[in-house]
Structures are given as C-alpha cells and as structure tokens.
Amino acid sequence: MLQYQETPIQEIHDMVLENAGLQLLIKREDLNHPLVSGNKWWKLKYNLMEAAKKNLETLVTYGGAYSNHIFATAAAASELGFKSIGIIRGEEVLPLNPTLAFAREQGMELQFISREAYRAKSEDQLEKFDNFYLIPEGGSNLLAVQGVREFASNLDVSYDYLCCAVGTGGTLCGLIEGVPNEKKIIGFPMLKGAEFLVEEIKKLSERSKHLTNWQLVYDYHFGGYGKSTPWLMEFIQRFKTAHNVPLEFVYTGKLMAGIYDLISSGFFPRGSIILAIHTGGLQVPR
Ligand SMILES: *Cc1c(COP(=O)(O)O)cnc(C)c1O
C-alpha cells in the first residue's frame, strides 16, 4: 500500500465569506502524500491493489506532457516496486519538462506517440508489452471511483455543498457515490465544451443516473484545459498570501475562483457550509 498522511480541513476566513454569511472549508487532500497527492492517491489505490493481486509487474498508462496522472503513477510505481510505462501524447521535446523529467527519474519508461495515434489509443500500441496492468488516461475507471468513494464516505465534517475540480469526472463520480443524498455536489470542469461529461459520469457512477444532487458548472474553464489568464494567476497568488493555500492554474485555482464567483452571484444561500476538495496537482514534493 502507498503511504498515506491524514489531512486537515482548513477553514477560510475573509470579508467575502463573512458578508455572504457562508462558511468555506478546504479538505487539504493535497497533503496526503509527498508525490502521489490529492485525488490521484485515491484513484490509484485500488488499481495498484488489483495489479498486485494479479501479479502484474508493469503499470502502463497514458497522459499529456504535463499530466498529474503521469506524475503520480510514476511515483506510485516507484514506491511500490512496479515498472511503469507512460505513453505520452506528442513528440519528445528535450530537455524534458519537469513533469516528464520527474517521471523518468522515478523509473517510468516514456513512449512518445503522435497526437493521432494517441487519440486512437489502439491496442496495437500495447502489443509489445507483456504482463502489464493498464490504467486508462487520467486514471478514471471503476476502481478509481471505488477509491474516491472511500475518501468521500470518510469525510467527517458537517457541510452542505461539496465542490471539486473536474477533468475526466472520475473523481466527481466517487464523490457522488460516497456522500449522503442530501449533500449538494458541484463539479467545476476545466475543459471547454465539457457538457459531454454528464454522460461519462453516468457511465462510471450508478447513483449519478438517478440522483439530482449533483451538477456541473461550465463557466470556469478560463479558456480551456491548461489555459490561464493574468487575472487567474493573480487570484492564485492572492489566495496563497491570504490563506497559505497553494493552488495551481489547471484545476484547483479555477475551482476556487469559480467558488468565489458563485458566492458573489448569490448562488449559495446564507448560512451554507461549502466544502472544497483540494485535489493536489502541485507536482512539488511536500
Ligand atoms: C487529475 C486532477 C483532477 C481531475 O480529476 P478527474 O478524476 O479526472 O476529474 C482534479 N484536480 C487535480 C489537481 C488533478 O490532478
């Protein structure tokens, strides 16, 4: 099993929250592991156990050149003694960026494939490997959902709204599966045109099909996946200075900016408690 560090719930205090009569809590899951942090720890947990149970020696997965999933999988494989292979979208660019340099340092074998081949993710690509356990791109499968469900069902704090950044939606599925029906769950997709995720979520979470306590808010992608704006970068900087919570611009910065925008638009009724999940993604050893 991967090492795991218990994480705090941090309350945020400022005038915006005070004036709106709201409580904002952050579950600091970014602190759960020095390298396999945040939601990636939970998404990998049961996949790693399954690979070990099947006596498979190698983890194979896919990702972009800055992928938190590649970073986390490489570190998890190294900690647990698996070999790992990362199939990376696009051509190799040297020197490797910090994400891929880290992955290679952890022992991950990097295989670069064209964007077209990547999109196809054909089985042929995998024929040359044997004895491997395949983790899908972004790590979202039923075992990932099982891990996040366990995390969610152990949340031991009173709250009304649960807020989380969304990439593939696997993490959100685990939250929907793991918390009581009366909680309201809000997912903040980081992709532009993310409406398709509703169907993806329904594929991985049975409960999401018949519950109406969850929704996606589409207005906080800031130009799309991996894109940023000067305003967002400044928001992240200010948040760090004011509350000592590090955010990054791909996921958690957009989540927090989105929460504050919803607050200013009067989305949350006075007296509500908002619990935001810090899903990590900082890619720095902590
Ligand atoms: C991967 C990641 C997400 C998205 O998780 P999904 O399960 O793909 O929706 C959110 N936040 C951070 C920091 C991540 O690294």
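Only a predicted model underlies this, so the values are computations on that prediction, with no experimental measurement involved.

Calculation criteria
- Every residue gets a number counted from 1 within its own chain, in the order that chain's sequence is written.
- In keeping with the predicted nature of the model, local features appear solely for residues at pLDDT of at least 70, side-chain atom pairs appear and are counted solely at 80 or more, and the whole-chain, interface and lining totals rest on all residues.
- Each side-chain value is worked out from all heavy atoms of the structure, with water and hydrogens disregarded.
- We call a residue near a molecule or strand when any one of its heavy atoms sits within 4 Å of it.
- Two N or O atoms form a polar contact when they lie within 3.5 Å of each other; inside protein one atom must be a possible hydrogen donor and the other a possible acceptor, and for residues adjacent in sequence the pair counts only when both atoms belong to side chains.
- Exposure was quantified through the Shrake-Rupley algorithm and a 1.4 Å probe, taking into account, for residues, occlusion by the shown protein chains and nothing else.
- Helix and strand labels come from DSSP, where a helix needs a run of H or I of at least four residues and a strand needs a run of E of at least two; each type is numbered from the N terminus.
- Note on residue categories: nonpolar means Ala, Val, Leu, Ile, Met, Phe, Trp, Tyr, Cys or Pro, charged means Asp, Glu, Lys or Arg, and polar means any other residue, Gly included.
- How far each domain reaches was decided by an automatic or database domain assignment.
- Whenever Lys or Arg places a side-chain nitrogen within 4 Å of a carboxyl oxygen from Asp or Glu, that contact is recorded as a salt bridge.
- Each residue's exposure class comes from its accessible area (1.4 Å probe, protein chains only) as a fraction of the maximum for that residue type: buried when under 20%, exposed when over 50%, partly exposed otherwise.
- Arc, as used here, means the arc of the directions from the helix axis to the C-beta atoms.
- The contact definition used throughout considers only heavy atoms, calling two residues in contact when any of these lie within 4.5 Å.
- Note on definitions: buried area is the accessible-area loss of two parts on being combined, 1.4 Å probe, summed for both.
- Angles run from 0 to 180 degrees between N-to-C directions of axes, and those axes are lines fitted to C-alpha atoms, restricted for helices to the stretch in contact.
- Every angle not falling under 35 degrees, over 145, or within 65 to 115 is termed oblique; those three ranges are roughly parallel, roughly antiparallel and roughly perpendicular.
- Crossings are assigned a handedness: left-handed for a near helix turned anticlockwise from the far helix by less than a right angle, right-handed for a clockwise turn.

(A) Representation of the site of the ligand in the model. Close contacts around the ligand come from 16 residues, with K40, K43, T168, T171 and T279 the closest. Interatomic distance of 3.0 Å between a side-chain N/O atom of N39 and an oxygen atom of the ligand. When the free accessible area of the ligand is taken as 390 Å², the share hidden by the protein chains comes to 97%. In terms of residues, the shell around the ligand owes the most to one element, helix α2 (residues 39-53), which gives three residues. For the shell around the ligand, the residue count by class is three nonpolar, 11 polar and two charged. When we break the shell around the ligand down by domain, the ones giving at least three residues each are domain 1 (9-34 + 156-277) and domain 2 (39-139).

(B) Main features of the pattern of salt bridges. This model, assessed by the stated rule, comprises 10 salt bridges. The partner of E50 in a salt bridge is K53, with the nearest N and O atoms 3.6 Å apart. Of this pair, E50 and K53 both sit in helix α2, three residues apart, which is roughly one turn of that helix. When its relative accessible area of 18% is taken as the criterion, E50 is described as buried. Here K203 ties to E200 by a salt bridge, and the two come within 2.9 Å at their closest N and O atoms. One end of the pair, K203, and the other, E200, are both in helix α9 (residues 197-204), three residues apart, so they sit about a helical turn from each other. The exposure class assigned to K203 is exposed, which follows from its relative accessible area of 60%.

(C) Highlighting α9. For α9, the set of buried residues is L197, I201 and L204. Buried residues of α9, viewed axially, fall in a sector of 65°; they line one side. Residues of α9 that are buried sit in contact with α7 (142-153), β7 (161-166), α8 (170-178), β8 (184-189), α10 (206-210) and β9 (214-216).

(D) Quick look at the domain arrangement of the chain. One can read the domain layout of the chain as domain 1 (9-34 + 156-277) and domain 2 (39-139). Its C-alpha centre places domain 1 at a distance of 27 Å from the equivalent point of domain 2. Taken together, the contact pairs six residues of domain 1 with eight residues of domain 2. Carbon and sulfur atoms make up 45% of the area that domain 1 and domain 2 hide from each other, which totals about 610 Å². Applying the counting criterion to the domain 1 and domain 2 interface returns zero salt bridges. Here domain 1 is connected to domain 2 by three residue pairs in polar contact (both at pLDDT 80 or more). Here the residues of the side of domain 1 that touches domain 2 sort into one nonpolar, four polar and one charged.

(E) A look at the packing of α7 against α8. Running from N to C, α7 and α8 point in directions that differ by 50°, and their axes come no closer than 7 Å. Taken as axis vectors, α7 and α8 run oblique relative to one another. Taken as a pair, α7 and α8 cross one another with a handedness that is right-handed. When α7 is examined against α8, the residues V145, V148, R149, F151, A152 and S153 are found in contact with a partner set consisting of G170, T171, C173, G174, L175, E177 and G178.

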